[in-house]
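Summary of structural features
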Amino acid sequence: MDDGTSRRDGPGEAEAPGTDTHCPYCALQCGMRLVPDGTGVTVAERPAFPVNRGALCGKGSSAAELLAPGARLTTPLVRDPATGELVPADWESALARTAEGLRRAREEHGADAVGVFGGGGLTNEKAYALGKFARLVLGTSQIDYNGRFCMSSAAAANVRAFGLDRGLPFPLADVSRTGCVLLVGANPAETMPPAVRHLTRLRENGGTLVVVDPRRTRTAELADLHLAPRPGTDLALALGLLHLVVAEGRVDQDFVDARTTGWAGARGAAMAHWPELVERITGVPVPELRRAVRLFCAPESAMVLTARGPEQHAKGTDTVSAWINLALATGRPGRPFSGYGCLTGQGNGQGGREMGQKADQLPGYRRLDDPAARAHVAGVWGVPPDSLPGPGRSAFELLDALGEDVHALLLMGSNPVVSAPDAGRVTERMRSVDFLAVCDVVLSETARLADVVLPVTQWAEETGTTTGLEGRVLLRRKALDPPPGVRSDLAVLNSLAARLGWEKGFPADPEEVFEELRRATSGGPADYAGLSYRRIAATEHDEEGLHWPCPAPGPDGAEHPGTPRLFLDRFATPDGRARFVPVTHRPAAEEPDAAYPLRLTTGRVLAQYQSGAQTRRVAALSAAAPGPYVELHPRLAERLGAAEGEPVAVVTRRGRAVAPARITRSIRADTVFMPFHWPGEGRANTLTHAALDPDSRMPEFKVCAARVEPVDAADR
Ligand SMILES: Nc1nc2c(c(=O)[nH]1)N[C@H]1C(S)=C(S)[C@@H](COP(=O)(O)OP(=O)(O)OC[C@H]3O[C@@H](n4cnc5c(=O)[nH]c(N)nc54)[C@H](O)[C@@H]3O)O[C@H]1N2
Ligand SMILES: Nc1nc2c(c(=O)[nH]1)N[C@H]1C(S)=C(S)[C@@H](COP(=O)(O)OP(=O)(O)OC[C@H]3O[C@@H](n4cnc5c(=O)[nH]c(N)nc54)[C@H](O)[C@@H]3O)O[C@H]1N2
Ligand code: SF4
Ligand SMILES: [Mo]
């Protein structure tokens, strides 16, 4: 599994009996086949699915382990008021207590005192039902989800520039057919291993790869050029590259004139960022900047792809705008095998942001403050438009309001005790709330704080759709019955709605929800009206499948083929032109100083997923990545007297985390890195800074000021 992927089965496996479905984890949504093995199912290859062609990473190939009854929750838990412990309970009393907890907060403090927190791993059906439940049953504006921590900055920048936000506006396979990929703050060799074959193929086809990452990652190792800026300086870097594009006469003026607006402002901002200044800010030498511009501009087609590296910042939206400006000035978007794309992260990171679990959104990527959108969705829901609440708080702000303005929370599909920024503070907030209900498949660190824990079915035990990073809609199929004692998220919402007075409108059957969701999204930017389970199943193995927007059949009854490539004729703005946004560099919310002289950045490792709630429970994954660590450059380690494998403390203004040192030349000497998958004393999010982007409300996970201290045995 050196390249991070495995092909477990021989060619005959495709004919094996079983159920074709998709991995429960990341946005690649690799196809897999689940084969009955007597007691449960085994994960097998599904070579016919084009996005991964059978390849899986270790997380996907081991995903079935958590389906075993012994590996997960199979009974509801409620907090015993006498002992304060979580104890097993029957479903009826757990649901009654949940309904009561939500109702009481509303009666005592008003509808907005009840919060809902969702997740980008939930299927489209669940995300849709959760948003509807919040707005209708609870009548609250206070709903948001963990996607706010993920790709919200890229989403905001996409909407600003193109009038529409789909992570990749083209199929992933186009990556291997372009001339140059500028991959910014993405480490797919660890975060989407099967996608790396497109980068390898790109280079085999004569294309080039430029990677921008403060660390020389496994992905950077594959590149023709690796730029290693200081964390939090991508905005200056992108402006510096645009400056050089102008200075070297490489602007595609015909494209700029015909297909964009706002160039003068963006050009002016870039001209203020001359290369030597950018070198000082970013630490990237001017000759490397020039080389990157040459590589990016030389071929006829090229792509800029961003992931969390440049996005998870208090200036993430402006930073992505700067990268988009670079793509626009060189005439890339809206052309074949070219453009800008964001690699979304969670299994349904794309669909989860379209179905209305976001604070300001209605299904179909409609805006909650748009009267026409409200009227349409209220019509589908059978309620007056005025009864829908307005936009609520963003994810971190919602968590930070717990115990103050928000007194009860229903949480589905996230583990913020590990994954939220400034997690010590968030944990205190979660403890202070009057009532917390968590739906989960395992007893996550957040579920441990709950008053009620509702054990739900998993990916392989239920049907539903997800929308992968390409905007391609996929069908996850039920492969086996859940163990006794668990119910689906949809069934939970159905029962809670009934207890709170909504007998109808919350079906537990996913296909019924999908049929309603088609109508609710119809005519919206993310239009699913022309899709159905039948159509998705019939086209899933096609090279290009069904990508939204896929509107309902026209008057002639012809089915819409979906939209694998967006913007080829026009952008989704009122005048059809893409918009340059004039942006200028600004420092991180917290820059290094004498007391905290280093930059801390955070991210992922191959064998763990997110808060680790699921993958830490899989033996092979835990063996491969047993715990947190701190990446340090040898020069820094020497100065600190830190030794390989020995614990060091990383200290920020939020707190202190202790983990073994991992000494490596692959990181800048002024930067330290920690993966964030673990709770406890090595929890990276004890340290992170919850400074929020003004547009996307994305927290600054990727940079804060830190110091590293040796740890005495006596300290511990
Ligand atoms: N193994 C694994 N795979 C996953 C996940 C997982 O948890 N584990 N999660 C999934 C999800 S939800 C997501 S969002 C994706 C995330 O996928 P990625 O974005 O690829 O993952 P990260 O490790 O968060 O960040 C990518 C890189 O950004 C770099 N970086 C840090 N700061 C900066 C900066 O200021 N500028 C730049 N240019 N780069 C910087 C880091 O060094 C890191 O190598 O992965 C998905 N896939
Ligand atoms: N420091 C730092 N922190 C980060 C990041 C970073 O780069 N650095 N990245 C951020 C990003 S991009 C993300 S996406 C977040 C993710 O962080 P989280 O939101 O915590 O994501 P998960 O760990 O995937 O949590 C999902 C939870 O839901 C459960 N679950 C899985 N499937 C289902 C289901 O179908 N129904 C229900 N009810 N539960 C389910 C899982 O068991 C798990 O407990 O972390 C963010 N936090
Ligand atoms: S790359 Fe993502 S979708 Fe594919 S097997 Fe790994 S975790 Fe699952
Ligand atoms: Mo994410």
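For the structure given in this document, a descriptive report is provided here. It should be emphasised that the depicted structure is a prediction, and the values quoted were computed from it without experimental measurement.

1. Remarks on the overall build of the chain
Across its full length, the chain carries 22 helices and 31 strands. Its C-alpha radius of gyration of 24 Å places the chain within 12% of the 27 Å reference for a compact globule of 716 residues. Looking at the 716 residues of the chain, the share that counts as buried comes to 65%. At a minimum sequence separation of 6, the contacts of the chain that also span at least 24 residues come to 74%. In the chain, the 80 positive side-chain charges and the 87 negative ones have mean positions that sit 3 Å from each other.

2. Describing the sheet that holds strand 20 (residues 452-455)
The 7 strands lie next to each other as 7-6-20-19-18-8-9, forming an open sheet whose pairing is mixed. Both edges of this open sheet fall to strand 7 (86-88) and strand 9 (143-145), since each of them pairs with a single strand only. Pairwise comparison of adjacent strand axes, ignoring direction, gives a mean angle of 15 degrees for this sheet. Strands strand 8 (114-118), strand 9 and strand 18 (408-412) of the sheet are contacted by helix 3 (residues 124-138), whose axis makes an angle of about 175 degrees with strand 8. Along the sheet, helix 18 (residues 489-499) contacts strand 18, strand 19 (435-440) and strand 20; its crossing angle with strand 18, the most-contacted strand, is approximately 150 degrees.

3. Some details on the sheet that holds strand 12 (residues 225-227)
If you walk across this open sheet you meet the 5 strands as 12-11-10-14-15, and the pairing is parallel. Each edge of the open sheet carries a strand with a single partner, namely strand 12 and strand 15 (339-342). Strand-to-strand twist of the sheet, defined as the mean angle between neighbouring strand axes without regard to direction, takes the value 15 degrees. Bridging between strand 10 (residues 180-184) and strand 14 (residues 303-306) involves 4 bridges; their strand directions are parallel. Paired with V184 across the two strands is T306, which belongs to strand 14. Where helix 11 (residues 286-297) meets the sheet, it contacts strand 10, strand 11 (208-212), strand 12 and strand 14, and its direction lies at approximately 130 degrees from that of strand 12.

4. What about helix 17 (residues 423-432)?
Residues of helix 17 that are buried: A423, V426, T427 and M430. Seen end-on, helix 17 carries its buried residues on one side only, within an arc spanning 100 degrees. Those residues of helix 17 that are buried lie in contact with helix 15 (395-400), strand 18, helix 16 (416-419) and strand 19.

5. With respect to the packing of helix 7 (residues 234-247) against helix 13 (residues 316-329)
At their nearest, the axes of helix 7 and helix 13 sit 8 Å apart, and the two run at 20 degrees to each other. The orientation of helix 7 with respect to helix 13, classified from their angle, is roughly parallel. The crossing of helix 7 and helix 13 is left-handed. Note on element contacts: helix 13 touches helix 7 through D318, T319, A322, W323, N325, L326 and A329, opposite D234, L235, L237, A238, L241, L242 and V245. By residue class, the composition of the contact of helix 7 with helix 13 is 10 nonpolar, 2 polar and 2 charged.

6. A word on empty space enclosed by the protein
Applying the stated criterion across every chain yields a total of 6 cavities of 30 Å³ or more. A volume near 760 Å³ is recorded for the largest cavity. G121, Q346, G413, S414 and Q614 are the residues nearest the centre of the largest cavity, which is lined by 39 residues in total. Elements supplying a minimum of two residues to the lining of the largest cavity: strand 19 and strand 24 (598-603). Classifying every residue of the lining of the largest cavity by side-chain character gives 14 nonpolar, 18 polar and 7 charged. The volume enclosed by the second largest cavity comes to roughly 570 Å³.

7. Brief notes about the site of ligand 1
Inspection of the region around ligand 1 gives 33 residues, with D213, D234, R604, Q608 and Q610 positioned closest. Between ligand 1 and the protein, one listed contact pairs an oxygen atom with a side-chain N or O atom of H313 at 3.2 Å. A distance of 3.0 Å is found between a nitrogen atom of ligand 1 and a backbone nitrogen or oxygen belonging to L606. When isolated, ligand 1 has an accessible area of 910 Å², and the protein chains bury 99% of it. In this structure the site holding ligand 1 corresponds to the second largest cavity.

8. Remarks on the layout of surface pockets
Of the volumes computed, that of the largest pocket is approximately 730 Å³. Residue lining of the largest pocket: 35 residues in total, with V159, K358, D360, Y365 and R367 positioned closest to the centre. Taken together, the elements giving at least two residues each to the lining of the largest pocket come down to helix 4 (152-162), strand 17 (366-367) and helix 14 (371-381). The greatest single-element share of the lining of the largest pocket, amounting to 5 residues, is contributed by helix 4.

9. A short note on the site of ligand 2
Lining the immediate surroundings of ligand 2 are 31 residues, of which N146, S414, S419, D440 and S611 lie closest. The side chain of D489 places a nitrogen or oxygen atom 2.8 Å from a nitrogen atom of ligand 2. T602 places a polar side-chain atom, nitrogen or oxygen, 2.9 Å from a nitrogen atom of ligand 2. Relative to its free-state accessible area of 920 Å², ligand 2 is covered by the protein chains to the extent of 95%. When atom positions are compared with the pocket grids, ligand 2 is found to occupy the largest cavity. For the shell around ligand 2, the class distribution of residues is 12 nonpolar, 14 polar and 5 charged.

10. Digging into the side chain of D165
Take D165: it is sitting in the loop between helix 4 and strand 10. Given the relative accessible area of 0%, D165 is considered buried. At 2.6 Å, the side chain of D165 and the side chain of R353 are in polar contact. A polar contact of 2.4 Å, which involves the side chain of D165, links it to the side chain of Y365.

11. Topic: helix 4
Among the 11 residues of helix 4, 8 are classified as buried, and the element is accordingly described as predominantly covered. The set of residues buried in helix 4 consists of S152, S153, A154, A155, A157, N158, A161 and F162. On its buried side, helix 4 packs onto helix 12 (308-311), helix 13, strand 15 and strand 23 (578-579). Backbone geometry just downstream of helix 4 places G163 in the positive-phi region, at approximately 75 degrees.

Basis of the calculations
Residues numbered from 1 in each chain as written. Chains lettered and ligands numbered in written order. Predicted model: local features only at pLDDT ≥ 70, side-chain atom pairs only at ≥ 80, totals over all residues. Heavy atoms only, no water. Helix = DSSP H or I, 4+ residues; strand = E, 2+ residues; numbered from the N terminus. Rg over C-alpha atoms; globule rule 2.2 N^0.38 Å. Buried < 20%, exposed > 50% of the residue type's maximum accessible area, 1.4 Å probe, protein only. Contact = heavy atoms within 4.5 Å. Lys, Arg positive; Asp, Glu negative; His and termini not counted. Charge placed at Lys NZ, Arg CZ, Asp CG, Glu CD. Pairing = 2+ DSSP bridges. Axes fitted to C-alpha atoms, helices over the stretch in contact; angles between N-to-C directions. Arc of directions from axis to C-beta. Parallel < 35°, antiparallel > 145°, perpendicular 65-115°, else oblique. Left-handed = near helix turned anticlockwise from the far one by under 90°. Nonpolar A, V, L, I, M, F, W, Y, C, P; charged D, E, K, R; others polar. 1 Å grid on protein atoms, 1.4 Å probe; cavity = no way out; pocket = protein on both sides within 12 Å on 5 of 7 lines; lining within 4 Å. Points joined across faces, edges and corners; volume = space filled by probe spheres on them. Near = heavy atom within 4 Å. Polar contact = N/O pair within 3.5 Å; in protein donor to acceptor, adjacent residues only side chain to side chain. Areas by Shrake-Rupley, 256 points an atom, 1.4 Å probe, with all protein chains shown as cover. Sits in = over half its atoms within 2 Å of the grid points.

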